[in-house]
Amino acid sequence: PRTLARRGARSAVALADAPMPHITVVACVNADASNVMPPLVINLGQNVLEKWTNPGHELSGTLYAATEKGWIDRPTFDAWFNLFIQHVDVHRGVDTQGKQRPVLLLFDGHESHISLDAVLLGERHGIILLQLPAHTSHRTQPLDVGCFSAWHRRFGEVLHRHMLLHPRVPVGRDKLTALMVQPWLECLSPGNVAAGFRKAGIY
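Below: a short report on this structure. A quick note: this is a predicted structure, and the numbers were derived from the prediction, not measured.

**Details of the nonpolar core**
Side chains of a nonpolar character, in soluble globular proteins, are inclined to be buried together. In this structure, L143, W184 and V193 are the most contacted members of the largest nonpolar core, which totals 25 residues. Once residues within four sequence positions are removed from consideration, L143 is found in contact with A27, V29, F148 and V193.

Have a look at this one:
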């Protein structure tokens with residue numbers, strides 16, 4: 001968006017609302033982006049509140065959770081992983097013997113989020129869990145490499161434009177899922193996803 005500032009200024013200051021509490025958005029996509037799971041939006045809080053949702057204006061199937069810090073934790077991962085199992089069972093093919101093909105789930109995040117129960121559940125369903133090395137996601141995580149930087153930039157533009165069109169109207173958590181639709185569709189595109197996997201050297 002066009003911004004006016006004094007010539008020579010190193011930065012331009014904008015009037016903005018206080019930031020929202022920490023929110024985590026979990027994304028999961030296969031290597032050619034032909035299968036993108038709906039996002040999981042994790043809010044800071046004790047319970048998921050209906051006012052956080054935005055039916056009709058959010059990505060279809062958007063999931064919600066609430067945690068003490070707004071980050072993913074073990075119970076939230078376990079609940080999401082069960083949904084992941086249901087999701088991939090519908091989409092994965094079979095091998096030449098007619099058996100379901102195995103699935104490799106690459107993920108980043110703290111190891112304390114993953115339980116032995118989740119690993120054993122994955123084994124029963126032909127899903128191999130592979131956690132990327134800590135502090136390397138900027139190099140090894142395909143979505144970090146190929147999509148998330150573009151997502152942050154595009155979402156920032158959408159948020160900025162919304163604030164210009166609605167001055168002094170707080171951007172609450174109820175607006176988040178509607179504002180993230182277009183950046184999500186643009187930045188988790190097949191081209192960006194494929195580029196991320198290629199740059200990470202994984203696929």
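**With respect to the pattern of salt bridges**
Counted under the stated rule, the structure contains four salt bridges. Across the pair R154 and E157 runs a salt bridge whose closest N-O atoms are separated by 3.4 Å. Residue R154 and its partner E157 are both found in helix α4 (residues 142-165); the two are separated by three residues, about one turn of the helix. Residue E186 pairs with R154 through a salt bridge whose shortest N-O separation is 2.6 Å. Note that E186 is positioned in helix α6 (residues 181-187) and R154 in helix α4, a separation of 32 residues in sequence. Here the salt bridges share partners, and the residues they tie into one network are R154, E157 and E186.

**Quick notes on helix α2 (residues 116-124)**
Taken as a whole, α2 has its buried residues at A118, L121 and G122. When α2 is viewed along its axis, its buried side chains cluster within an angular range of 100° and face the same direction. Away from its buried face, by an angle of more than 90 degrees, α2 presents the exposed residues L116, D117, E123 and R124. Each element contacted by the buried residues of α2 is listed here: α1 (74-91) and β5 (127-131).

**Description of unusual backbone geometry**
Positive phi outside glycine occurs at A33, with the angle close to 60°. Mapped onto the fold, A33 is located in the loop between β1 (23-26) and β2 (40-44). Notably, H135 is not glycine yet its phi reads approximately 65°, a positive angle. Among the secondary structure elements, H135 is positioned in the loop between β5 and α3 (137-140). H135 sits in the exposed class, given a relative accessible area of 78%.

**Brief notes about the pairing of β2**
Counting buried positions along β2 yields four of five residues, so the element is predominantly enclosed. The sheet contact formed by β1 and β2 spans four bridges and is antiparallel. Across the sheet, the residue bridging to V25 is V41, located in β2. Judged from the five bridges that link them, β2 and strand β3 (residues 63-67) form a sheet pairing that is parallel. Directly across from I42, in β3, lies its bridge partner A65.

**Brief notes about the side chain of H162**
Note that H162 resides in helix α4. Not counting residues within four places of it along the chain, the set of residues in contact with H162 comprises V171 and L179.

**A closer look at the packing of aromatic side chains**
Each aromatic ring pair is summarised here by two numbers: the centre-to-centre distance and the angle between the ring planes. All told, the structure shown has seven aromatic pairs when counted by the stated rule. Between F77 and F107, the ring centres sit 5.9 Å apart and the planes meet at 45°, which makes this aromatic pair tilted. Of this pair, F77 sits in helix α1 while F107 sits in strand β4 (residues 103-107); the two residues are 30 residues apart in sequence, bridging distant segments of the chain. Judged by centre distance (6.1 Å) and plane angle (15°), the ring pair of F81 and F84 falls under stacked. Remark: F84 and F81 occur in helix α1; sequence separation between them is three residues, near one turn of the helix. Chaining the aromatic ring pairs together yields one cluster made of F77, W80, F81, F84 and F107.

Reading the values: the criteria
Residues numbered from 1 in each chain as written. Predicted model: local features only at pLDDT ≥ 70, side-chain atom pairs only at ≥ 80, totals over all residues. Heavy atoms only, no water. Core = buried A, V, L, I, M, F, W, Y, C linked by side-chain atoms within 4.5 Å. Buried < 20%, exposed > 50% of the residue type's maximum accessible area, 1.4 Å probe, protein only. Contact = heavy atoms within 4.5 Å. Salt bridge = Lys/Arg side-chain N within 4 Å of Asp/Glu carboxyl O. Helix = DSSP H or I, 4+ residues; strand = E, 2+ residues; numbered from the N terminus. Arc of directions from axis to C-beta. Pairing = 2+ DSSP bridges. Phe/Tyr/Trp six-rings, centres within 6.5 Å; stacked < 30°, edge-to-face > 60°.

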